[in-house]
Structure formats: C-alpha cells, structure tokens
Amino acid sequence: MRAKSIFAVPAGLPAADRQQRRHALVRLSLAWLAMMQVMMFAWPGYLRHEGMPADALETLDWAIVLMNWASFALTVPVVLYSAWPIWRHAGANLRHGRAGMDVPVALGIVAAFIPSVHATYTGQGEVYFDSVTMFVAFLLTARYLELCARQSYGGAAGGRRHARVEDQRLHLGARADRLASRFVMIQVALALAAAAGWAYIDPAHSIPVMVALLVMSCPCAMSMAVPTAMASAHSALAAHPDMPDAALDALLAEARRKARQNLYGSLVWHLLMTPLALVGWVTPWLAAITMLVSSLAVAYNSWRLSRRDWSGGMAPGDALGAAP
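Bear in mind the structure is a predicted one, so any value in this text is a computation, not a measurement. (Residues numbered from 1 in each chain as written. Predicted model: local features only at pLDDT ≥ 70, side-chain atom pairs only at ≥ 80, totals over all residues. Heavy atoms only, no water.)

A closer look at the confidence of the model for the chain
Okay, so step 1: Across the chain, the average pLDDT comes to 83, with 91% of residues at 70 or higher.
Okay, so step 2: Within the model, the stretch residues 313–324 combines pLDDT values under 50 with 14 contacts to residues more than four positions away or in other chains. (pLDDT = per-residue confidence, 0-100. Contact = heavy atoms within 4.5 Å.)

This is how it looks when you write it as structure tokens:
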C-alpha cells in the first residue's frame with residue numbers, strides 16, 4: 001500500500017499544530033496572490049527603454065508610477081503578515097545573540113523594501129517589490145513543505161521502529177543546523193562586504209547585489225535536507241509496518257544518504273551561484289527562484305525514498321537499487 005501524501009493532515013495531529021498549518025497556508029496563499037499581481041504591475045517597468053517615442057515614454061512613465069504605488073499597497077500585507085514568522089524568529093535569534101537563518105532573510109526583505117518605498121515616493125530609482133513578494137512566497141513555500149513533512153510522520157506514528165528514524169533525524173539535524181549556521185554568518189558578511197565594494201565601484205549595483213546575496217544566504221534547502229528525508233523514511237515505514245529488520249536497516253542507511261545528498265548538494269548549489277551574484281549577474285528575483293529550485297530539488301529527492309518498495313520482499317541491496 002502506498003504511503004499517504006505529506007499534505008494530508010494526520011488524524012491525531014494536535015489542535016495547536018492544525019492551527020499552525022492553517023495559518024501557514026493562509027500566509028502562503030496571500031504571498032503567492034500578491035506576488036503574481038505585483039509581477040504584473042512590474043511589467044511596464046521592464047518594457048521601458050529610451051528608444052521609445054517621447055509621447056509613449058511619458059505615458060509609460062506615468063503608468064509605472066501608478067503601478068509602483070499599487071505594488072507598494074500589495075507588498076505591505078505580505079511584509080507585515082505573511083512574513084510575520086520571519087520577523088518573530090529573527091528577533092528571537094538576535095535577542096539570544098545568534099545569527100539564525102531568519103536574520104539574513106529579514107535583512108534581505110528590509111534591504112529591498114525600504115529603497116523601493118523611497119523610490120516610489122520620490123519617483124526616482126529602482127523598485128524591488130516583485131523581488132520582495134517573490135522571495136517571501138518562495139520561502140514560505142519551502143517552509144510549508146518542511147512543516148507538512150515534519151507533521152505527517154514526525155513522532156506521530158510512534159513505536160520502536162519509528163523511534164529509530166527519530167533518533168537519526170535528531171542526530172543528523174544537529175549537524176545540519178551547525179553547518180547552516182556557519183553558512184549564514186559567512187554569507188551575510190559577504191553580502192555586506194559586496195555592498196560596500198559595489199558602492200565604491202558602481203553605486204547602482206550595490207543594493208541589487210546585496211539583496212541577491214542576502215536572499216541566497218537563506219539556507220532553506222539546507223534546513224529541509226534532514227526533515228524531508230526522515231519524513232520519507234517515516235512514510236515508507238508507515239506503509240510497511242511489518243518491515244523486516246534487514247529492510248529497516250537498509251531504509252535508514254538510504255535515508256542518511258539522501259539527507260547528506262540534500263545537505264551538501266544544496267550547499268554546492270549556493271556556492272556555485274554566489275560568484276554570479278557577486279558580479280551582478282543574479283538579480284534579486286532570480287536569486288529567489290534559485291532558492292525555490294534548490295528547495296524543490298531537496299523535496300523531490302527525499303520523496304523518491306518513500307516511493308521505493310521497502311516491503312522486505314527483496315534483499316536490502318536490491319531495495320536500494322530499485323527504480324523510483
């Protein structure tokens with residue numbers, strides 16, 4: 001029997017967790033709706049070029065000003081409501097003297113939103129409302145996937161076999177958190193240094209480069225690496241509760257391998273994109289897309305684990321080599 005989807009709400013999920021999932025889904029939905037509309041409003045700005053006729057250019061500039069104010073109105077609820085968990089966690093990290101993953105996320109939102117508000121008010125300069133809403137929407141998507149995976153089987157299934165998966169999740173998760181924390185600190189320092197360097201070389205590139213690096217400093221995929229792999233292991237075990245010990249050992253070994261693939265693969269992806277962002281080739285909205293792509297890749301790689309046949313009808317070595 002095939003395991004249920006991670007998006008299915010577990011029957012025994014506590015009321016507080018159900019409320020958490022509902023709020024997360026509402027915040028995610030608002031962010032996506034606003035993002036799609038803001039991207040439509042940003043389209044006139046992408047069409048503008050100096051080679052247009054004077055009368056068309058004047059009309060387009062008026063439309064851009066109007067669209068910028070409309071984008072501002074839609075971005076405010078995303079920043080204040082959809083991104084509220086980010087502000088809360090970033091504040092908690094700063095109060096405890098830690099540079100958690102939400103600190104660079106909050107810095108990235110502020111670094112893109114404040115200059116956009118100023119440019120909208122003065123009518124001069126670039127606006128990044130589309131990048132802000134896209135970043136928040138993609139980030140909340142990755143975190144909603146992680147939340148669903150964690151709630152689906154994390155601790156709810158119980159039993160000695162599931163306890164082994166949970167022990168492995170805690171052990172690998174602690175190592176992943178340490179790596180992600182170091183990565184965040186280095187990436188934030190690099191973003192600030194790049195902003196200072198570009199402010200001296202070409203001030204017009206300073207803010208976009210800094211925002212792109214801050215967006216990429218969010219280790220969303222890295223934070224999903226272990227939880228999604230272990231959730232898939234829980235799913236496979238729930239689908240075959242009578243799994244022999246040999247098959248369970250093979251499942252745990254494969255879950256560890258998937259977690260490491262996710263963790264170090266996402267780290268390499270970030271490292272490959274960082275030089276491109278440093279030279280200004282990665283815009284803030286493109287950085288948000290790369291963040292989403294890496295998170296979805298992690299989720300898919302982990303999901304493949306639960307699609308294998310772990311019934312115990314084949315040898316563990318054969319189970320590892322089975323097609324997804």
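Back to the text.
So, the nonpolar core
General note: in soluble globular proteins, nonpolar side chains tend to be found buried as a group.
Okay, so step 1: In terms of nonpolar packing, the biggest core is built from 82 residues, with Ile109, Phe135, Met230 and Leu251 touching the most fellow members.
Okay, so step 2: Here this core gets 13 residues from one element, more than from any other, and that element is helix H5 (residues 129–153). (Core = buried A, V, L, I, M, F, W, Y, C linked by side-chain atoms within 4.5 Å. Buried < 20%, exposed > 50% of the residue type's maximum accessible area, 1.4 Å probe, protein only. Helix = DSSP H or I, 4+ residues; strand = E, 2+ residues; numbered from the N terminus.)

Description of the environment of Pro219
Okay, so step 1: Relative to the helices and strands, Pro219 is located in the loop between helix H7 (203–216) and helix H8 (220–239).
Okay, so step 2: Taking the C-alpha atoms as reference points, Pro219 and Pro104, separated by 115 residues in sequence, lie 9.8 Å from one another.
Okay, so step 3: Look past the residues within four positions of Pro219 in its chain and what remains in contact with it is Met101, Ala180, Phe183, Val184 and His270.

Concerning the pattern of salt bridges
Okay, so step 1: Within the structure shown, the criterion is met by 6 salt bridges.
Okay, so step 2: Ionic pairing is found between Arg143 and Asp102, a salt bridge with its closest N-O pair at 2.7 Å. Here the residue Arg143 occupies a position in helix H5, and Asp102 occupies one in helix H4 (residues 102–122), the gap between them amounting to 41 residues.
Okay, so step 3: Asp245 serves as the salt-bridge partner of Arg161, at 3.5 Å between the closest nitrogen and oxygen. Pair noted here: Arg161 is in helix H6 (residues 159–201) and Asp245 is in helix H9 (residues 245–278), with a separation of 84 residues, a long-range link.
Okay, so step 4: Given a relative accessible area of 43%, Asp245 falls into the partly exposed group.
Okay, so step 5: In this structure, a network of salt bridges that share partners links the residues Glu254, Arg257 and Arg308. (Salt bridge = Lys/Arg side-chain N within 4 Å of Asp/Glu carboxyl O.)

Quick look at the packing of H7 against H9
Okay, so step 1: Between H7 and H9, whose axes approach to 9 Å, the crossing angle comes to 170°. The orientation of H7 relative to H9 falls into the category roughly antiparallel. Here Val209, Ala212, Leu213 and Met216 of H7 come into contact with H9, specifically with His270, Met273, Thr274, Ala277 and Leu278.
Okay, so step 2: Residue composition of the contact of H7 with H9, grouped by class: 7 nonpolar, 2 polar and no charged. (Axes fitted to C-alpha atoms, helices over the stretch in contact; angles between N-to-C directions. Parallel < 35°, antiparallel > 145°, perpendicular 65-115°, else oblique. Nonpolar A, V, L, I, M, F, W, Y, C, P; charged D, E, K, R; others polar.)

Here's the deal with a positive patch on the surface
Okay, so step 1: Where like charges cluster on the molecular surface, the positive patch consists of Arg175, Arg178, Arg182 and Arg260.
Okay, so step 2: Element by element, the count of residues in the positive patch is highest for H6, at 3 residues.
Okay, so step 3: Its location among the elements puts Arg260 in helix H9.
Okay, so step 4: With relative accessibility at 37%, the residue Arg260 sits in the partly exposed group. (Patch = residues over 30% accessible without salt bridge, like charges linked within 9 Å, V, L, I, M, F, W, Y side chains within 5 Å. Areas by Shrake-Rupley, 256 points an atom, 1.4 Å probe, with all protein chains shown as cover. Lys, Arg positive; Asp, Glu negative; His and termini not counted. Charge placed at Lys NZ, Arg CZ, Asp CG, Glu CD.)

Section: helix H2 (residues 54–82)
What sets the pattern is the α-helix's 3.6 residues per turn: residues three or four places apart point alike.
Okay, so step 1: For H2, built from 29 residues, the straight-helix expectation of 42 Å at 1.5 Å per residue is met to within 8% by its first-to-last C-alpha distance of 40 Å.
Okay, so step 2: Turning to H2, its buried residues are Leu57, Leu60, Ile64, Met67, Asn68, Ser71, Thr75, Val78, Val79 and Ser82. (Expected span 1.5 Å × (residues − 1).)

Side note on the packing of H2 against helix H3 (residues 84–95)
Okay, so step 1: The geometry of H2 relative to H3 is characterised by a closest axis approach of 5 Å and an angle of 45° between their N-to-C directions. In terms of axis orientation, H2 runs oblique to H3. The residues of H3 that touch H2, namely those facing Val79, Leu80, Tyr81 and Ser82, are Trp84, Pro85 and Trp87.
Okay, so step 2: Broken down by class, the residue content of the contact of H2 with H3 amounts to 6 nonpolar, 1 polar and no charged.

What to know about the packing of aromatic side chains
Okay, so step 1: Under the defined criterion, the tally for this structure stands at 6 aromatic pairs.
Okay, so step 2: Centroid distance Trp32 to Phe138: 5.5 Å. Interplanar angle 50°. Geometry classified as tilted. You can see Trp32 sitting in helix H1 (residues 15–47) and its partner Phe138 sitting in helix H5, a full 106 residues away along the chain.
Okay, so step 3: Between Phe72 and Phe113, the aromatic rings sit 6.2 Å apart at their centres with planes inclined by 20°, giving stacked as the arrangement. Remark: Phe113 occurs in helix H4 and Phe72 occurs in helix H2; sequence separation between them is 41 residues.
Okay, so step 4: One aromatic cluster in this structure is built from Trp69, Phe72, Phe113 and Phe129.
Okay, so step 5: Its guanidinium or amino end placed over the ring of Tyr81, Arg27 lies 4.8 Å from that ring's centre, counting from NZ or CZ. (Phe/Tyr/Trp six-rings, centres within 6.5 Å; stacked < 30°, edge-to-face > 60°. Lys NZ or Arg CZ within 6 Å of the ring centre and 35° of its normal.)

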